[in-house]
Structure formats: structure tokens, C-alpha cells
Amino acid sequence: MFLVQKKWGKMEELRSDLAEILEVDSVEDSHVLRDFDSWDSLASLAIQATCDKKYKVSISPEDLAAIVTIADLISIVNSRSSSV
């Protein structure tokens, strides 16, 4: 149970990080990344850097191109991270 709570907490932290990068108050799993007004190459680089530095998950440009929603990104981070 503790592991589930820890993962949930990390995913909430990732959502918060994404909201900050995308310059919004909050994000929902169903939100489409490219629909955000602030979505551009700098936002995509910031997401890659945050995932790499904070969550120890490498997101390639090809991965990012295939990601549509916030849920897609969270799923990749979750599946590739042993600490999230």
C-alpha cells in the first residue's frame, strides 16, 4: 500500500511540474499537450529535462512526438522509473 501511495504522490508531483512548465494552474490526464498555449519547443525541452533530472527517466524526442495526453506522459514516466 505504501508503494502505491508513494507512486501516486510522485505522479501528482509530476502533474504539478507539468502545470508549471505549461504555465497553467493544473493539468488533467485527458489534456492534450499540444493544445496548451505555451506548448512549444522550449516546453518540450523543459519536460524532457524535468523527467530526466527529477524522475530519472529519459524521454527522447521520438517519445515526446508520440505522446498525446498528460496521461500518456505519466504512463511512460511511471513505467520507466523504479523510484516513481
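Above this text is the structure in question.
Residues numbered from 1 in each chain as written. Predicted model: local features only at pLDDT ≥ 70, side-chain atom pairs only at ≥ 80, totals over all residues. Heavy atoms only, no water.

Peer 1: Would you mind going over helix α2 (residues 41-55) in detail, with residue names and values included?
Peer 2: Over its 15 residues, α2 extends 20 Å from the first C-alpha to the last, a length consistent with the 21 Å expected when each residue adds 1.5 Å. What α2 keeps buried is the set Ala43, Ser44, Ile47, Gln48, Thr50, Cys51 and Tyr55. Angular distribution of buried residues about the axis of α2 spans 160°; they occupy a single face of the element. Seen from the buried face of α2, the exposed residues on the opposite side, beyond 90 degrees, are Ser41, Leu42, Leu45 and Lys53. Where α2 begins, the side chain of aspartate 40 points an oxygen toward the backbone nitrogen of leucine 42, at a separation of 3.1 Å. The first or second residue beyond α2 is lysine 56, which carries a positive phi of 55°. (Helix = DSSP H or I, 4+ residues; strand = E, 2+ residues; numbered from the N terminus. Expected span 1.5 Å × (residues − 1). Buried < 20%, exposed > 50% of the residue type's maximum accessible area, 1.4 Å probe, protein only. Arc of directions from axis to C-beta. Polar contact = N/O pair within 3.5 Å; in protein donor to acceptor, adjacent residues only side chain to side chain.)

Peer 1: Before we move on, could you go through the nonpolar core and cite the residues and values that matter?
Peer 2: Among the nonpolar cores identified, the biggest contains 23 residues, and Leu22, Trp39, Ile47, Ile59, Ile70, Leu73 and Val77 are the most heavily contacted of them. Sorting the residues of this core by element identifies α1 (2-21), α2 and α4 (70-80) as the ones contributing at least two each. Those residues in contact with leucine 22 that sit more than four places away from it in its chain are Val27, Leu33, Phe36, Ser38, Trp39, Ala43 and Ile70. (Core = buried A, V, L, I, M, F, W, Y, C linked by side-chain atoms within 4.5 Å. Contact = heavy atoms within 4.5 Å.)

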